[in-house]
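# Reading the structure
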Amino acid sequence: MTLHPPPSSQAGAQRPDLRFIIIGAGMSGILSAIKLQEAGFDDHVIYEKAARLGGTWRENSYAGIACDVPSHFYSYSFAPNPDWSHRFSPGAEIQAYFEETARRFGVDDRIEYGKEVERCVFENGRWRIELADGTTDVGDFVIAATGVLHHPAYPDIEGLDEFEGSMFHSARWDHDVSLAGKRVGVVGTGSSAIQIVSALVDEVEELSLFQRTPQWIMPQENPAYSQEEKDEFRRQPETITALRSEISRMFADGFANAVIDANSPQLVAIHDACVANLESSVQDPILREKLRPNYRAACKRLIMSEDFYDVIQRPNARLVTEGIDRIEQSGVRTCDGELHELDVLILATGFRVDRFMRPMEVVGRGGSRLQDVWRKRPSAYMAISIPEFPNLFMLNGPNGPVGNFSLIEVAELQFDYIMQLIEWVRSRSCREVSASHAATDRFEAERLEAAKTTVWQSGCNSWYLDDRGVPAVWPWTFDRFREEMAEPRRPDFELC
Ligand code: NAP
């Protein structure tokens, strides 16, 4: 193993031969292709298992889907969009934005659709890729842009198969099922369920929301942008840049930098705002108590909604807080023996968040297998690199920042970091780069220690927590994330 001097970014096109394989044509995969192209790397391909790009925005087409991160912030920094319809725009618009951006930056031509990567093997200093259709490819780098909230989690409820009405997961919405005038049940009270409930209440005959755990709801208006505002954004794109920076700063200071201390003034203010929202919005004291969580706001991912409390008080809405005993042919039977008859059952029950690029088989240096390395749970140095898996980098990988801010900003910062690692190879400082075991162990130990004071560990259950109840997320400030991503620490990597 030889350590080399810090690579120079002057190295320019010293390795024009490098080939990049990007897995997934969602937000991060499209970003990777654009950034590689911009850096002068022409030889890259995106393998996408579906027939369409868009990742989470392709897969989630449920009623009411929107992004609760402001649209001008949930956009690439280099591709501002003056035409966002709302402060928080609907999912279809976001999907169209990714399609348009991919087309405009020429990424479209790089995507091979219907190509599922099954296996990546590091051999002879390069990655050999095996696809489900039997074809293979070889590349110098693999960028795993496979998403976090990708594999639907189906609830372990007895009798699920017995239901004779229509049933589907929120991320597998069945658009052939008409909901108008139907008795519809929704299981779950996460961000997806709350958006669904608000969108459906006027259409359906009866809406039953099966709540296992109540949620704090942050009131959030969603004004439309006027034509004048959009014209102004188009005439003066710098106003979008300024707005983006302002929102970014607001999110960092008001939320992301605060979640690491459950008692921070910002979180106390958020908690108070949620309590006030509940108190002032829900008239019936019994319903109000059923909706009142017994944990701190932002312990689970904070829900934003302008109308959930209004919706759940409509005459055709029912909040069911009794536990689900089993699913039967005609509906949901709760533990008190009551049968809630339904025509349609929607499972808004979240995702298997510990999967990442799995079930893909990944074999690193010396035959190291990812499924063994991640047997207990997934981990990665800085959420990006795994020891013994050289030249393979993840975007929005394990233990990275999550929360109510833009994963696009996270991915952009991560990709700038990854680009510096690639630069070490391009400049011939090394041929292979991966995080060292020592740095990864140290990072993990520091992460566990820091996680103890975060709001996520303040007494609730959520998808942020791993099998030990430890938040599997970035436990420091967003400012620290930005600083870490500015420049890789060279001693933390094994170069050879
Ligand atoms: P989620 O937050 O994981 O919520 C899943 C819900 O299903 C929870 O309320 C959970 O109850 C419930 N549940 C699971 N199994 C159950 C069972 N067996 N019986 C009864 N209830 C059960 O999933 P999600 O709403 O799809 O959201 C996942 C993440 O996607 C969000 O946190 C967010 O990061 C992202 N998202 C973002 C947006 C956005 O606007 N940006 C919108 C939607 C989703 P418990 O709480 O009791 O576990």
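Residues numbered from 1 in each chain as written. Predicted model: local features only at pLDDT ≥ 70, side-chain atom pairs only at ≥ 80, totals over all residues. Heavy atoms only, no water.

### Notes on the site of the ligand
Short version of the rule: Proximity is defined per residue: if any heavy atom of the residue lies within 4 Å of a molecule or strand, that residue is considered near it. Two N or O atoms count as a polar contact when they lie within 3.5 Å, although within protein this holds only if one can serve as hydrogen donor and the other as acceptor, and sequence-adjacent residues are included solely when both atoms are side-chain atoms. Under the scheme applied, nonpolar residues are Ala, Val, Leu, Ile, Met, Phe, Trp, Tyr, Cys and Pro; charged residues are Asp, Glu, Lys and Arg; polar residues are all the others, including Gly. For the purposes of this description, domain bounds are those given by an automatic or database domain assignment.
The full set close to the ligand counts 23 residues, and T189, S192, T213, K300 and W463 are the nearest of them. In this structure, D68 approaches the ligand through a main-chain N or O atom, which is 2.9 Å from an oxygen atom. Taking K300, its side chain carries an N or O atom lying 2.6 Å from an oxygen atom of the ligand. A breakdown of the residues in the shell around the ligand according to their chemical character gives 10 nonpolar, 9 polar and 4 charged. For the shell around the ligand, the two domains that each supply at least three residues are domain 1 (20-151 + 352-495) and domain 2 (160-216 + 260-347).

### Structural notes on the layout of surface pockets
Regions of empty space are outlined by a rolling probe, equal in size to a water molecule, passed over the atoms. How we decide: Here a cavity means grid points, on a 1 Å grid over the protein atoms only, where a 1.4 Å probe fits yet cannot get out; a pocket means an open set of points with protein on both sides within 12 Å along at least five of seven lines; lining residues are those with an atom within 4 Å of a point. Grid points are joined across faces, edges and corners, and a volume is the space filled by probe spheres set on the points. Secondary structure elements are defined from DSSP: runs of H or I of at least 4 residues count as helices, runs of E of at least 2 residues count as strands, and each element is numbered from the N terminus.
Looking at the second largest pocket, its volume works out to about 460 Å³. For the lining of the second largest pocket, the element with the highest residue contribution is helix 6 (residues 237-256), accounting for 7 residues. Class assignment of the residues belonging to the lining of the second largest pocket gives a composition of 14 nonpolar, 3 polar and 4 charged. Three or more residues apiece are contributed to the lining of the second largest pocket by two domains, here domain 1 (20-151 + 352-495) and domain 2 (160-216 + 260-347).

### Here we look at the environment of R172
Note the cut-off: We call two residues in contact when some of their heavy atoms are within 4.5 Å.
On the secondary structure map, R172 appears in the loop between strand 8 (166-169) and strand 9 (183-187). Beyond its immediate chain neighbours, meaning those up to four positions away, R172 contacts E59, H150, P152 and Y154.

### What about the nonpolar core?
Note the threshold: Buried residues of nine kinds, namely Ala, Val, Leu, Ile, Met, Phe, Trp, Tyr and Cys, make up a nonpolar core once their side-chain atoms join them within 4.5 Å. Any residue under 20% of the maximum accessible area for its type is buried, any over 50% is exposed, and the rest in between are partly exposed; the area is computed with a 1.4 Å probe on protein chains only.
In this structure, F98 and V186 are the most contacted members of the largest nonpolar core, which totals 121 residues. If one sorts the elements of this core by residue count, helix 11 (residues 407-426) sits on top with 12 residues. With residues up to four places along the chain from it excluded, the contact list for F98 reads M27, I30, L53, W57, Y74, Y76 and I408. One finds I23, V45, F351 and A380 within the second-largest nonpolar core, a separate group that totals 27 residues.

### Some details on unusual backbone geometry
The residue after R358, namely P359, is reached through a cis peptide bond having omega 15°. Checked against the element boundaries, P359 lands in the loop between strand 17 (344-347) and strand 18 (361-363).

### Section: the side chain of D137
Inspection of the secondary structure puts D137 in strand 6 (residues 136-139). Within the structure, the side chain of D137 is placed 2.6 Å from the side chain of R19, a separation counted as a polar contact. Of the polar contacts made by the side chain of D137, one reaches the side chain of Y47; its length is 2.6 Å. Once residues within four sequence positions are removed from consideration, D137 is found in contact with R19, I21, V45, Y47, W127, R128 and I129.

### Some details on helix 4 (residues 191-200)
Among the 10 residues that make up helix 4, 8 are buried, leaving the element largely enclosed by the rest of the structure. All of the buried residues along helix 4 are S192, A193, I194, Q195, I196, V197, S198 and L200. The inward-facing, buried residues of helix 4 abut strand 9, strand 10 (206-210), strand 12 (303-305), helix 9 (308-312) and strand 17.

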